[in-house]
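Commentary on secondary and tertiary structure
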Amino acid sequence: MWHYQMTDTDCGLCALSNGLMFRGMEFDYSTAAKMLQSRGLQLWEYSGYFFYLPLLLADYGLKSTVYLPNNEEELFSFCDKGSVDEKKLKGLIEKSYYNKYAMYFYYESFCQMQEEKKKINIVYAAMDVLEEMKNGKVVLVNITLEEYYNKLIEDSSKHVITLIPQGETYLAVDPYEKLGYREFENWEECLQIAPKYDWSNFHGFAVAF
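Residues numbered from 1 in each chain as written. Predicted model: local features only at pLDDT ≥ 70, side-chain atom pairs only at ≥ 80, totals over all residues. Heavy atoms only, no water.

1. Some thoughts on the sheet that holds strand S3 (residues 139–144)
For the record, the criterion: Between any two strands, at least two bridges found by DSSP are needed for them to pair. Every helix listed is a DSSP run of H or I at least four residues long, and every strand listed is a run of E at least two residues long, numbered separately from the N terminus. Between the N-to-C directions of two axes lies an angle of 0 to 180 degrees, each axis being a line fitted to C-alpha atoms and, for a helix, fitted only over the stretch in contact.
Judged by pairing direction, the sheet is mixed, and its 6 strands sit side by side in the order S2-S1-S6-S3-S4-S5 without closing on themselves. The sheet is open, and its two edges are formed by strand S2 (120–123) and strand S5 (169–173), each paired on a single side. Going from strand to strand, the sheet's axes swing by 25° on average, the running direction of each strand aside. Inspection of the sheet shows S3 paired to strand S6 (residues 206–208) by 3 bridges, in the antiparallel sense. Within S6, the residue paired with Val139 across the bridge is Ala208.

Below, the structure is given as structure tokens:
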């Protein structure tokens, strides 16, 4: 029985819980919140940032590989603590889809990922999702609703879903499926088209473990 979102914003933690459950591990939101709090990071109504996920995996004792698209590499290159070009960084932030209020936790979580070298491998390239599936890895992908549902939903906000390995194929578990799609007139069509998404074309943030 998969876990589904409790709010509109907890897709990341919910997707992580499904991946851990597949691995035979228990997960609860309060423990995750405490883990993040010990790192100086914060949740809002169980909403966090994608980079929180590999940090939580590390705290659970699991190694992961984080894939970051090449077009964001310049942005990340300014995250190294103690050597930030504030002026140039500010310009990059203004061009980013992340709001300024969120930037502290966004960059802090990325910096902490860099420090977890034994448990987190960062790759500045798109993930070969199908190859990770063949290797039996659980994959958490950060994708827009608009892209995943082939523009049936005009929503460019980011969403996290879990890809569960099933031999040479996969099962895509969408944590929002039970909660929110009924608000869209074409939600049944959305759920029918989702399994047809071509993961070989995916180029967003992803975590494999």
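2. As for the pattern of salt bridges
So the rule is basically this: The salt bridge definition used is simple: a Lys or Arg side-chain nitrogen within 4 Å of an Asp or Glu carboxyl oxygen. Each residue is placed in one exposure class: buried if its accessible area under a 1.4 Å probe, protein chains only, is under 20% of its type's maximum, exposed if it is over 50%, and partly exposed if it falls in between.
Scanning the entire structure with this criterion turns up 2 salt bridges. Measuring nitrogen to oxygen at the nearest pair gives 2.9 Å for the salt bridge that ties Arg39 to Asp59. Here Arg39 is found in the loop between helix H2 (29–38) and helix H3 (52–59), whereas its partner Asp59 is found in helix H3, with 20 residues between them in sequence. For Asp59, a relative accessible area of 33% puts it in the partly exposed group.

3. Regarding the packing of aromatic side chains
Formally: For Phe, Tyr and Trp, rings pair up if their centres lie within 6.5 Å, where Trp contributes its six-membered ring, and each pair is then called stacked (planes under 30 degrees apart), edge-to-face (over 60) or tilted (otherwise).
Across all of its chains, the model carries 10 aromatic pairs by this definition. Between Tyr170 and Trp199, the aromatic rings sit 6.4 Å apart at their centres with planes inclined by 85°, giving edge-to-face as the arrangement. Of this pair, Tyr170 sits in strand S5 while Trp199 sits in the loop between helix H9 (187–193) and S6, placing them 29 residues apart in sequence. Residue Tyr170 is classed as partly exposed on the basis of its relative accessible area of 22%. In this structure Trp199 comes out as buried when scored by relative accessible area, which is 2%. A network of ring pairs unites the aromatic residues Tyr148, Tyr170, Tyr197, Trp199 and Phe202 as a single cluster.

4. Brief notes about H3
Within H3, 7 of the 8 residues are buried, which leaves it mostly tucked inside the rest of the structure. Just downstream of H3 lies Gly61, where phi reads positive at about 85°.

5. Considerations on the nonpolar core
One broad trend across soluble globular proteins is that nonpolar side chains are buried collectively. Note the following rule: We call a set of buried Ala, Val, Leu, Ile, Met, Phe, Trp, Tyr and Cys residues a nonpolar core when their side-chain atoms join them within 4.5 Å. Contact definition: two residues touch when any of their heavy atoms are within 4.5 Å.
Ranked by internal contacts, the top residues of the largest apolar core, which has 39 residues, are Leu16, Phe27, Phe50, Phe51 and Leu140. Within the residue set of this core, elements represented by two or more residues are helix H1 (11–22), H2, H3, helix H6 (103–115) and strand S4 (158–166). Ignoring anything within four residues of it in the chain, the contact list for Leu140 reads Ala15, Leu16, Phe50, Leu53, Val160, Ile161, Thr162, Phe205, Ala206, Val207 and Phe209. Judged by nonpolar contacts, the second largest core, of 19 residues, contains Tyr67, Val129, Ile143 and Leu163.

6. Comments concerning the pairing of S4
With 7 of 9 residues buried, S4 is to be regarded as a mostly interior element. Sheet analysis places S3 next to S4, joined by 6 bridges and oriented antiparallel. Looking at S4, one finds that Val141 is bridged to Ile161. Turn length for the S4-S5 hairpin, with the two strands adjacent in sequence and antiparallel, is 2 residues, and the turn residue Gly167 shows positive phi of about 70°.

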